[in-house]
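The primary structure of each chain is shown beneath.
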Amino acid sequence: MRYHTPTTFEDAAQLAAQAKGLTRFLAGGTDVLVQMRAGMVQPDDLIDLKKIAGVAEITATDDGGWRIGVAVPGIALGAHEGLCADWPGVVEGMELVGSTQIQGRATLTGNLCNGSPAADSVPGLVAAGASVEITGPDGTRNVPVEEIPVSPGKTALKAGELISAILLPPRGQNAGDAYLRFIPRTEMDIAVVGSAVSLRLDGDTVTEARVALGAVAPTVKLVPEAAEAIIGTTLDEAALEALAKAASAACSPIDDKRGTVAFRTEVAGVLTKRAALIAKARAKGDTA
Amino acid sequence: MAKDEFKEFKLVGTRPDRPDGLDKVTGRARYGADISAPGMLWAAVLRSPHAHARIVRIDTSKAEALTGVKAVITRADFPTGLTGEDWNLQENTMAGERALYDGHAVAAVAATSKLRAEEAVRLIEVEYEVLPHVIDVDDAIKPDAPVIREGAADATVPEGMPPNVVRYMEFGRGDVEAGFAEADLVMEKTYKTEATHQGYIEPHACMGQLGADGKGEMWVCTQGQWFIRKMCTAVLGLETSQLRVTPSEIGGGFGGKTTIFMEPLSLALSKKAGGKPVKLVMSRSDVLRATGPTASASMDVKIGMKKDGTITGARAEFRMQGGAFPGSPVDMALYCCFAPYKLKNVEHVGYDVLANRPKCAAYRAPGSPMGAFAVESLLDEMCRELGVDPLDMRLKNAVREGDTASYGPKYGSIGLVETLEATKAHPNLSIPLGPNQGRGIAAGYWFNHNGETSVSLAISEDGTAQVSVGTPDIGGSRASIALMTAETLGIPYEDVRVNVVETGALGVNEPTHGSRATFASGKAAVVAAGHAITEMCRRAANEWGIDPEAVEWVDGAAQPAGDNAGKFPPMTIAEIAGKMGSTGGPISGHHESVPDGVGASFGCHVVDVEVDPETGRTTILRYLVVQDAGRAIHPAYVEGQYQGGAAQGIGWALNEAYIYGEDGRLQNSVFLDYRVPVASDLPMIDTVIVEVPNPGHPYGVRGVGETGITPPLPAIANAIQEATGARLCELPMSPPKVLAAIKAKGG
Amino acid sequence: MSKVHVTTSVNGDEVEFLADPRETLLDCLRDHIGLTGSKEGCGTGDCGACSVTLDGTLVCSCLVLGVEADGKRVETIEGMADGAELHPLQRKFIEHAALQCGFCTPGILVAAKKLLETNPNPTEEEIRYWLAGNLCRCTGYDKIIRAVMDAAAELRQEAA
């Protein structure tokens, strides 16, 4: 295996485009190293992105959003006051990935590119309306996060392409987001169900909403029907019931070692209700 | 238990720092994988991806051709003609004609680096003919199940039993049908438990060296170096005494490191590689696929009870699979399941069944947790039905000294009643519960064990003492043995060094298993110390010119007694030791025996849970362990055993399980999905050490390691019923199962 | 297969080794420079027995490549005591009997030290969640949590 440390995304893309065998990009490494260890992946070329300038930085964008470098570990997201104030749901999704130790390495970009339907940080990004900047041999392009995963373990990135930043839109006023996941233990598990809600209020009424679910379909899923169930409501009992129903209806999960179809479908509704209430409280200024 | 029955002890019952503490907090302690040797090779093992397959052909030529590869072995490199358990061990070490479970070793490589060995393993080509497999015990016992091995059944199995039944037992007394007829309530249910793994954090690791002359050495993490020696030499056809086995520090075992899994491979590779030492370290996935686990069980229990809680009759029929080899602990499960209760009419039936799973190993009170899950769950339901307090019911039926155990023998001194009374008096029982919360109670039992024991003690020139024991220190036994030795010799705790020694240094010792280290090695050390004391008294008597019978040992010194009392000043151990070279030579003491006087240990646990009615997730709010220790030599490590046992039981109850796919492959062979409890899953675990001293041990020790894993399984099931109204009869009680049970009862 | 020359600082000492790029930092610590205090319990970042700090960040050394340590500072269990003087956490672990087999202990101590540097006064719950990535199979965690709380109290007293 050859180990590369390019200093620009263009060089990284070139290396990947020219590589003949199996290539992996290395940011936090918390998925790649596990796959290498298990013998699932034996890369011929490993391209470490951490020597590229700016990859460990979180910067405010001109439009009032955020640009998050591909090697920013979870621990740095949680320590960033501005980001936590704007997108607590995105941050808490990332912070649920693994242990304190994993948080020292794991990144949003890696979690997204691993392509798992259960990736904890992805529903929050999708609900937030985040996009990614992709650098490839032909330059850069921006793509909504929900378009990146295409099936378990597969992404829409083409050969030689890599994500060069994650972009969060401006949060704006009277808005909040939240992510909840269900795991059998309290920590250290892969989500059995994940649900993220981002919404904006006018008074007590929801004016905008995005709902995304994880681990209930082959990819993390944006669920417009769930958002519609609460837009125009005050999240009263009836709206919450409709929200839960819409979330459950959007599920097409599998039975596996982590959960059953019936359980995932049911709990998707439960979590979405709970996440919506947290998002609402945050929109009203609750910082918890 | 009356306090005044206790002798006053200076050291026993105190909590000094453990002797190996410094090494273990600084990273200096050397575990199985921490040692290397000049010229050492690294090994890697190729394992079957199939649950059951005929091995048609193995081609190792590409692996052998790789630079740096020094040896490749398959079953063809092992001696033939083994029988019985020796054959089982050999077959489990390396598959012969068939791979019998996912993870079964089929070939192994030794090379100049770990990475090179792994590369070589990937170059080995194996052609398999996949055969039908069976995983679940209830499927495996069917008459038409895939046959794991013809002729594996022993003489206990009657003609006409299904082919995978390899051992059968029935025993009991009285007339259970008459007992049921006497009852006001008879209930019968079926319970299932899934296999769990011991889950020690240290993967198996060893470094083996074997020359063409048949002489070998091994460094290995094990609970029992003599077992490793006996089993490795049997599997490889060596003379037992020619292999010298040194135990490393051990990173947990819980029964799982009392046997061999891959250790002979390092020796066989070493021999083939010209005697170079070979290091072999399992990955976590290897550990979960190919070592341990415990058995899975399917159990029918029927009990009759009077309105006042008296048990009138009890019947248990247990089916257990312990993998592709005989040896599930179905016998132990049956012995333990009714052990807390005084029963006139009781019947036990057991089936040991083969399935395409790894060969089970002992796991903390082997069998007892499964049996307790079934019996203690049913008793709880019956108490609810009859409106009887579950602790009062247990007290009413509790066995006492002199009672005949459900499985036959007569109990000596036991502390079940004291344990139940201490439970009843505990403040946790009066804490009010909120909505969706429930409290569960269950009892548990373990025999405890003696086993072959050999200990040697020597007095050093400065009057300190060294004790050589053969039982690896897995949770503080150096401290407890040092305390008892120092107490006996009348010297400071710090003046005793307890060494866990290699097989060349002592006679045969059984492993640290059966909760025996502090009981058996401790008892032997006390006897050995007594021998040294006798000799020291003799040396003093010689010097004083008096009869040795007229010398007594007090506070670490010989002093004249009887008529001679006060005639000479006491002669301290340091004074005697300082001149031992000129008074007759080294002073030591030995003891070899299978010590009698084992004392059984009963426990009772109380757990409070809260269940989320919308997700089925169970949170442990508080947990209480009450258990009879006999006497706690080092109470902090006794508490540690209680807490650790409870935590493992909680894991087994809620989330741990072997999960197999349709293809018979283990799906959760990493800690991510084999869900042992993490720190945030558990509350503090309250403990009460009941002390009903065991008269069979000089300091009253019973053995405390195992009972604690038994009650959590039923206690949590009982608490979940109280919290939700739903009764779970199948483990693990994971959120999907609990939620489904809540929904099924219309919650 | 060419190896990479790595220069790094381990417990304050400059260390050089040749790493195959596939080797983890844990492999390099244990097999190349003889620091076997960091343990491998899983190799997948799930058990925490290999915990070290890398430029001050708590990580699993099994999830870092050896080559990534080039130019960085690594702190392991072997560097925790100040010469012969144990860190208060090490002392409290012995005093509280917070270890049984001791295999997870180095990783837990390294992780707990980082916790107390980050949060000198953690609650029981904060300690439990911080250490959720450090599996202990022997103790049920009770005495570990108590030892960390006691060490934290002592460190606060020293600081006051």
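Predicted model only: the values in this text are computed from it and were never measured. Numbers given to residues run from 1 along each chain, matching the order in which its sequence is written. Chain letters start at A and ligand numbers start at 1, both assigned in the order the entries are written. Whole-chain, interface and lining totals are the exception, using all residues; otherwise, since this is a predicted model, local features are given only for residues with pLDDT of at least 70 and side-chain atom pairs are given and counted only at 80 or more. Just so you know, side-chain values use all the structure's heavy atoms and leave hydrogens and water out.

**As for the overall build of chain C**
Quick reminder of the rule: Every helix listed is a DSSP run of H or I at least four residues long, and every strand listed is a run of E at least two residues long, numbered separately from the N terminus. Here the globule rule is a power law, 2.2 Å times the number of residues to the power 0.38, and the radius of gyration is based on C-alpha atoms. Categorising residues by exposure relies on relative accessible area from a 1.4 Å probe, with only protein chains included: less than 20% of the type maximum marks a residue as buried, more than 50% marks it as exposed, and the intermediate range marks it as partly exposed.
Across its full length, chain C holds 5 helices and 5 strands. Computed over its C-alpha atoms, the radius of gyration of chain C comes to 16 Å, within 12% of the 15 Å expected for a compact globule of 160 residues. Principal axes of the C-alpha set define a box for chain C whose edges measure 50 × 35 × 25 Å. Burial analysis of chain C (160 residues in total) assigns 66% to the buried set.

**What about the pattern of salt bridges?**
All names here are of chain B. Quick note on the threshold: Salt bridges are identified by distance alone: a Lys or Arg side-chain nitrogen within 4 Å of an Asp or Glu carboxyl oxygen.
Within this structure, the stated rule accounts for 90 salt bridges over all chains. For the salt bridge of aspartate 20 with arginine 478, the shortest nitrogen-to-oxygen distance reads 3.0 Å. Note that aspartate 20 is positioned in the segment before helix H1 (21-26) and arginine 478 in helix H14 (residues 477-489), a separation of 458 residues in sequence. Classification of arginine 478 as buried rests on a relative accessible area of 10%.

**Examining the interface of chain B and chain C**
Interfaces are often described in size by the accessible area the parts lose on coming together. Definition in use: Every residue pair with non-hydrogen atoms within 4.5 Å of one another is taken to be in contact. As a working definition, buried area equals the accessible area (1.4 Å probe) given up by two parts on being put together, with both sides summed. For the purposes of these results, a polar contact is taken to be a pair of N or O atoms within 3.5 Å, where, inside protein, one atom must be able to donate a hydrogen and its partner to accept one; residues adjacent in sequence count only when each atom of the pair is a side-chain atom.
Each partner contributes to the interface: chain B provides 54 residues, whereas chain C provides 47 residues. Counting each side, the surface lost to burial between chain B and chain C is near 4,100 Å², with a carbon and sulfur contribution of 58%. Its largest share of buried area at the contact with chain C, chain B owes to Val25, Ile201 and Met684 of chain B, together 18% of the area lost on that side. For the pair chain B and chain C, the number of links is 7 salt bridges. Glutamate 119 of chain B serves as the salt-bridge partner of arginine 22 of chain C, at 2.7 Å between the closest nitrogen and oxygen. For the pair chain B and chain C, the number of links is 25 residue pairs in polar contact (both at pLDDT 80 or more). Elements that contribute at least two residues to the side of chain B that touches chain C include exactly H1, helix H4 (114-122) and helix H18 (635-654) of chain B. In terms of residue count, H18 of chain B provides more of the side of chain B that touches chain C than any other element does, 9 residues in total.

**Considerations on the interface of chain A and chain C**
Which entries qualify depends on this criterion: For this classification, the nonpolar set comprises Ala, Val, Leu, Ile, Met, Phe, Trp, Tyr, Cys and Pro, the charged set comprises Asp, Glu, Lys and Arg, and every other residue, Gly included, is treated as polar.
Between chain A and chain C, the residue contacts involve 23 residues of the former and 29 residues of the latter. Here chain A and chain C share an interface that buries about 2,200 Å² over both sides, 63% of which is from carbon and sulfur atoms. Between chain A and chain C we count 3 salt bridges in total. Glutamate 40 of chain C is the salt-bridge partner of arginine 37 of chain A, the closest N and O atoms lying 2.6 Å from each other. Here chain A and chain C share 6 residue pairs in polar contact (both at pLDDT 80 or more) between them. Sorting the residues of the side of chain A that touches chain C by element identifies helix H2 (32-37), strand S3 (45-48) and helix H6 (100-103) of chain A as the ones contributing at least two each. If you tally residues by element for the side of chain A that touches chain C, the top one is H2 of chain A, at 4 residues. Looking at side-chain class alone, the side of chain A that touches chain C contains 10 nonpolar, 8 polar and 5 charged residues.

**Considering the sheet that holds strand S2 (residues 53-59) of chain B**
Residue and element names in this part refer to chain B. Rule in force here: Two strands qualify as a pair provided DSSP detects at least 2 bridges between them.
Spatially, S4-S2-S6 is the arrangement adopted by the 3 strands of the open sheet, whose pairing is antiparallel. The sheet terminates laterally at strand S4 (98-99) and strand S6 (125-130), the two strands that pair on one side only. Inspection of the sheet shows S2 paired to S6 by 6 bridges, in the antiparallel sense. Paired with isoleucine 58 across the two strands is valine 126, which belongs to S6.

**Describing unusual backbone geometry**
All names here are of chain B. Residue leucine 731 is joined to proline 732 through a cis peptide bond whose omega torsion reads -5 degrees. Located in the positive-phi region is alanine 365, a residue other than glycine, with phi close to 55 degrees. Its place among the elements puts alanine 365 in the loop between strand S15 (346-353) and helix H11 (368-386). Take alanine 365: its relative accessible area is 0%, and that puts it in the buried class. The phi angle at asparagine 448 is positive, at roughly 75 degrees, despite the residue not being glycine. The residue asparagine 448 is located in the loop between strand S16 (437-446) and strand S17 (453-459) in this model.

**Considerations on the domain arrangement of chain B**
Residue and element names in this part refer to chain B. How we decide: Note that the domain bounds reflect an automated or database-derived domain assignment.
In terms of domain boundaries, chain B breaks down into domain 1 (3-28 + 450-593) and domain 2 (367-448 + 599-744). The gap between the C-alpha centroids of domain 1 and domain 2 is 37 Å. Taken together, the two surfaces of domain 1 and domain 2 that pack against each other cover about 1,900 Å², and 60% of this comes from carbon and sulfur. In this assembly, domain 1 and domain 2 are joined by 1 salt bridge. In this structure, arginine 15 engages glutamate 639 in a salt bridge whose closest nitrogen and oxygen atoms are separated by 2.6 Å. Counting residues per element, the ones that place at least two in the side of domain 1 that touches domain 2 are H14 and helix H15 (517-544). Take the side of domain 1 that touches domain 2: its biggest share by element is 6 residues, from H14.

**A closer look at the pairing of strand S14 (residues 311-321) of chain B**
All names here are of chain B. Put simply, the rule reads: When the strands point away from the viewer and the path from the first strand over the helix to the second turns clockwise, the crossover is right-handed.
Burial of S14 is extensive: 10 of the 11 residues sit out of reach of the surface. Judged from the 10 bridges that link them, strand S13 (residues 296-305) and S14 form a sheet pairing that is antiparallel. Counted as the bridge partner of isoleucine 303 is alanine 314 from S14. Two successive antiparallel strands, S13 and S14, enclose a turn made up of 5 residues, where glycine 309 displays a positive phi of approximately 100 degrees. The sheet contact formed by S14 and S15 spans 8 bridges and is parallel. Across the sheet, residue glutamine 321 finds its bridge partner in S15, namely valine 353. Regarding the hand of the β-α-β motif, the stretch spanning S14, helix H10 (residues 330-337) and S15 is right-handed.

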